[in-house]
Amino acid sequence: MTSPANHLPSPVHTALQEGILVVRIDNPPVNALSAAVRAGLLAAVQQAQTDASVRAVLLVGVGRAFIAGADIREFGKPPQEPLLPGVCNQIEALDKPVVASINGPALGGGLEVAMAAHYRVATPHSKLGLPEVTLGLLPGAGGTQRAPRLMGAMAAAELMLSGKHLSADAAHKAGLLDAVASGADAVDNGLAFVRDLLARNAPVRRTRDQAISDAATAPAALDQLAADTAARNKGLFSPAKIIECVRAALRLPFDEGLAFERARFVECLDSPQRAGLIHAFFAEREVAKIPEASAAQPRPLQTIGVIGGGTMGAGITVAALDAGLQVTMVERDADSIARGRTNVEKVYNSLVERQRMTAQAREAVLARLTLSTDYADLKDVDLVIEAVFEDLGVKKEVFAQLDRICKSGAVLATNTSYLDIDAIAAVTRRPSDVIGLHFFSPANIMRLLEIVVAERTSAEVVATAFELARKMKKVPVRAGVCDGFIGNRILATYRQAADYLMEDGASPYDIDKAVRDFGYPMGPYQMMDLAGGDIGWATRKRKALTRDPKARYVEISDRICERGWFGQKTGRGYYVYAQGVRGGQPDPEVAQIVDAERARKGVTPRAFSADDIMRRNMAAMVNEGAKVLDEGVALRPLDIDATFIFGYGFPRWRGGPMFWADAYGLPNVLADIEAFAKEDALFWQPAPLLQKLVAEGRGFASLNTLK
Ligand code: 3HC
Ligand code: NAI
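Residues numbered from 1 in each chain as written. Chains lettered and ligands numbered in written order. Predicted model: local features only at pLDDT ≥ 70, side-chain atom pairs only at ≥ 80, totals over all residues. Heavy atoms only, no water.

Draft legend 1. Geometry of the overall build of the protein chain. The number of helices and strands found in the protein chain is 29 helices and 19 strands. The globule rule puts the C-alpha radius of gyration for 707 residues at 27 Å, and the 28 Å found for the protein chain is close to it. Projected onto its principal axes, the C-alpha coordinates of the protein chain cover approximately 85 × 60 × 55 Å. Across the 707 residues of the protein chain, 54% fall into the buried class. Summarising the internal contacts of the protein chain: among those between residues at least 6 apart in sequence, 73% fall at separations of at least 24. (Helix = DSSP H or I, 4+ residues; strand = E, 2+ residues; numbered from the N terminus. Rg over C-alpha atoms; globule rule 2.2 N^0.38 Å. Buried < 20%, exposed > 50% of the residue type's maximum accessible area, 1.4 Å probe, protein only. Contact = heavy atoms within 4.5 Å.)

Listed below in structure tokens is the structure:
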């Protein structure tokens, strides 16, 4: 069979076996429903309809998936016939039994195809879900109408709102599957199932004809769910539409429900959130495509050393244990290693307390952890991650020791936030084995891992670091050496812009609120209170000598730190924190400090709207981002986007700062920067790359493919 769209062989093959038309979907890597697959499915349905020797149809996916859903790359392009809702309707309308035999992921449109079939069976490791919400969409091929009929309206709504993947067992219990097969082969499982249906003369059983089991109670329960959803998904467009579609399933005849769903789906498809979320989906995967991937193979990676058992060392240890690795943690002395052990155990104890892990599993994980105060115990590890104090002298001493002790070929990594990794590498006789692995706190939870490639780091070491990220399920972003790498460098500029706004008239609370309303979980001053004001204070003191004397410097944070107000840990920072109360309250004394600093500098406060605040914040980020790109510190704009989405709470649905900039328009960003430069030309120097792109009428997206 050939695909009519492009005359290539069709990715859907059919074969008649014992009167059963076996339809194989073969579109690697995950059998996404491209136009050619949709056309192939439709042709198979027509074949089944017209060929009298076909008694039943079996749908299977070739390879590691049943069907991972619509082809996400087609969204945003003109739709191509046949559309998936029509294909699903044709499958369901067949008057011969259709069975979907699922192996691996059946997601989004993939599950919608399966729900349009008359029966469903799956291998135990299959995953079923309707994750469209994570892409700013809703199931648009009948999923919002068929899922309620199979599993009940509330369960379907919750599945679609969460975007979660169900295990085969859970999907079976929920009513999505007729059976979980014991075998691993989808064709064998499916054929056995169909033979049994035929032997029993089982009828065609269309989902559209089934009653919704909780039709009586669901409307009231949906009101509550709608209220919870609105509170939980602030700013998100598609969750409320999903609930509207479930209400339609309860209220309308099936075909009208489908039409209602289609209209809501198109609204989602056209929303900027869909574009942002799909950019984030691909950015998460594209970041792993680096020049070194094709140039070198990773080194073996089974045993890891971690130096330091503080906040980061303990988090990294947990991340490595969770990845199945053997870990040796080294600390300075007996007290410190005991603290390190407690820090690690706390994480697993909490999981056991919350019944997310058994005590037995905890012991099995902890059995892979060795604790030591002797660096010599690191002699056989494949990779070491140093997470000691942020002090160049201390780090250099540690690396000199590692150079003496570690086996040849061991990767030597530092978790430094800002320090010069070339300088750290230079104390060793093997600088090509040294690399930065910048984790984010809490290191076992945050998905971002900045992989900082120093001047002499070898391609093999870079490939090994990416392999570690893969094992840890992190989002790895390749960065170059500079003060703060990609993330902290851009963050520092954005914080500076926030400080200028504060001194010029916006309160820290107005700034935090504007940033939260933009979609971040918290604002910069809340963040500072959470991380501890003393950390930033130490950095500012360290940099005081090298700061450009002409650069504007806002001292408000210093005034606050001088009072010993370091944020949550001292009960007071930009906010006051009452014992037992969640979150902080604005502090009138902080307002007085801000006023006093303005008066001292002779600043007459001005009013700033939330829009003014965000335009300055974003212009500062994007401008610094362009400089980071130009210097080659980040490979592509999408690497900056992934850094902020996965490491700094940038709203995913906005696609990241560089994606945002393209949507806002680069000429607009540049015009803002030029307007702000009239107040402070030193800080607001437009990045040459930004000027170049504007002059050429291009966006950052044009730089997203590797040369
Ligand atoms: N469309 C196009 N490409 C897809 C895709 C899709 N639906 N799903 C995955 N891919 C691509 C990935 O981009 C990646 O490409 P690359 O190798 O060039 O980077 C490749 O397939 C492999 O993907 P992963 O690296 O993610 O592989 P994993 O094995 O880790 O995960 C998966 C497999 C669980 C299927 C995961 O890819 C996934 O979650 N995919 C998206 C599922 C989804 O969201 N489906 C809903 C789509 S919207 C829809 O169906 C609308 C409908 O209602 C009308
Ligand atoms: P921390 O103060 O919580 O822990 C540091 C640990 O290192 C202490 O337990 C100390 O006993 C130990 N240590 C010091 N010198 C040592 C030596 N010579 N040998 C063995 N152990 C030694 O500090 P934290 O926050 O864990 O930071 C560690 C590193 O991680 C720093 O470089 C920091 O910049 C970086 N980092 C911190 C982040 C954070 O949010 N805290 C985020 C990302 C990176």
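Draft legend 2. Region of the structure containing the side chain of N617. Following the sequence through the fold, N617 ends up in helix α25 (residues 610-630). Those residues in contact with N617 that sit more than four places away from it in its chain are Y494, A497, A498, L501 and V515.

Draft legend 3. Just the site of ligand 1, in detail. Around ligand 1 there are 25 residues in total, and R64, G109, E112, E132 and R285 lie nearest to it. Between ligand 1 and R64, the relevant distance is 2.4 Å, taken from an oxygen atom to a side-chain nitrogen or oxygen of the residue. With the chains in place, 77% of the 990 Å² that ligand 1 exposes on its own is no longer accessible. Among the secondary structure elements, those contributing two or more residues to the shell around ligand 1 are α3 (109-116) and α11 (272-286). (Near = heavy atom within 4 Å. Polar contact = N/O pair within 3.5 Å; in protein donor to acceptor, adjacent residues only side chain to side chain. Areas by Shrake-Rupley, 256 points an atom, 1.4 Å probe, with all protein chains shown as cover.)

Draft legend 4. The arrangement of the site of ligand 2 in detail. Within the structure, ligand 2 sits among 22 residues, and M312, E331, E390, K395 and S417 are positioned closest to it. Within the contact set of ligand 2, an oxygen atom lies 2.8 Å away from a backbone nitrogen or oxygen of M312. At 2.8 Å, a side-chain N or O of Y375 approaches a nitrogen atom of ligand 2. Considered on its own, ligand 2 offers 830 Å² of accessible surface; in the complex 79% of this is hidden by protein. Of the residues that constitute the shell around ligand 2, the class distribution is 9 nonpolar, 9 polar and 4 charged. (Nonpolar A, V, L, I, M, F, W, Y, C, P; charged D, E, K, R; others polar.)

Draft legend 5. Region of the structure containing the packing of aromatic side chains. Evaluation of the coordinates by the stated rule reveals 16 aromatic pairs. Here F518 and F650 contribute two aromatic rings whose centre-to-centre distance is 5.7 Å and whose plane-to-plane angle is 75 degrees, an arrangement assigned as edge-to-face. With F518 in helix α20 (residues 508-518) and F650 in the loop between α26 (637-647) and α27 (657-664), this pair connects stretches of sequence that are 132 residues apart. Like F650, F518 is buried. Among the aromatic residues, those joined into a cluster by ring pairs are Y494, F518, Y520 and F650. The ring of F260 has R251 lying over it, and the distance from NZ or CZ to the ring centre is 5.8 Å. Between R285 and the ring centre of F281, over which it is positioned, the NZ or CZ distance is 3.7 Å. (Phe/Tyr/Trp six-rings, centres within 6.5 Å; stacked < 30°, edge-to-face > 60°. Lys NZ or Arg CZ within 6 Å of the ring centre and 35° of its normal.)

Draft legend 6. Quick peek at the environment of L197. Tracing the sequence through the fold places L197 in helix α7 (residues 186-199). Considered as a pair, L197 and A275 are 78 residues apart in the sequence and their alpha carbons are 43 Å apart. With sequence-adjacent residues up to four places away left out, L197 is seen in contact with P97, V99, Y119 and A202.

Draft legend 7. A look at the pattern of salt bridges. For the coordinates displayed, the defined rule picks out 50 salt bridges. Between D483 and K543 there is a salt bridge, and its shortest N-O distance comes to 3.1 Å. With a gap of 60 residues between them, D483 in the loop between β17 (475-480) and α19 (487-504) and K543 in helix α22 (residues 533-543) connect regions that are remote in the sequence. The partly exposed category is assigned to K543, whose relative accessible area is 24%. One salt bridge connects D534 with K569, and the closest N-O pair in it is separated by 2.9 Å. Placement of the pair is D534 in helix α22 and K569 in the loop between α23 (556-562) and β18 (575-576), with a sequence separation of 35 residues. Given the relative accessible area of 25%, D534 is considered partly exposed. The class for K569 is exposed, based on a relative accessible area of 55%. (Salt bridge = Lys/Arg side-chain N within 4 Å of Asp/Glu carboxyl O.)

Draft legend 8. Region of the structure containing the sheet that holds strand β3 (residues 56-61). The strand order β1-β2-β3-β4-β6-β9 describes an open sheet built from 6 strands, whose pairing is mixed. Lying at the two open borders of the sheet, with one neighbouring strand each, are β1 (12-17) and β9 (179-180). Docked against the sheet, α7 engages β1, β2 (20-25), β3, β4 (98-102), β6 (119-122) and β9, running at close to 160 degrees with respect to β3. (Pairing = 2+ DSSP bridges. Axes fitted to C-alpha atoms, helices over the stretch in contact; angles between N-to-C directions.)

Draft legend 9. Representation of the state of the cysteines. Going through the model one piece at a time under the given rule, you end up with 0 disulfides. Sulfur of C88: no disulfide; nearest cysteine sulfur belongs to C245 and is 15 Å away. Taking the relative accessible area as the measure of exposure, C88 reaches 0% and is therefore buried. (Disulfide = S-S within 2.5 Å.)

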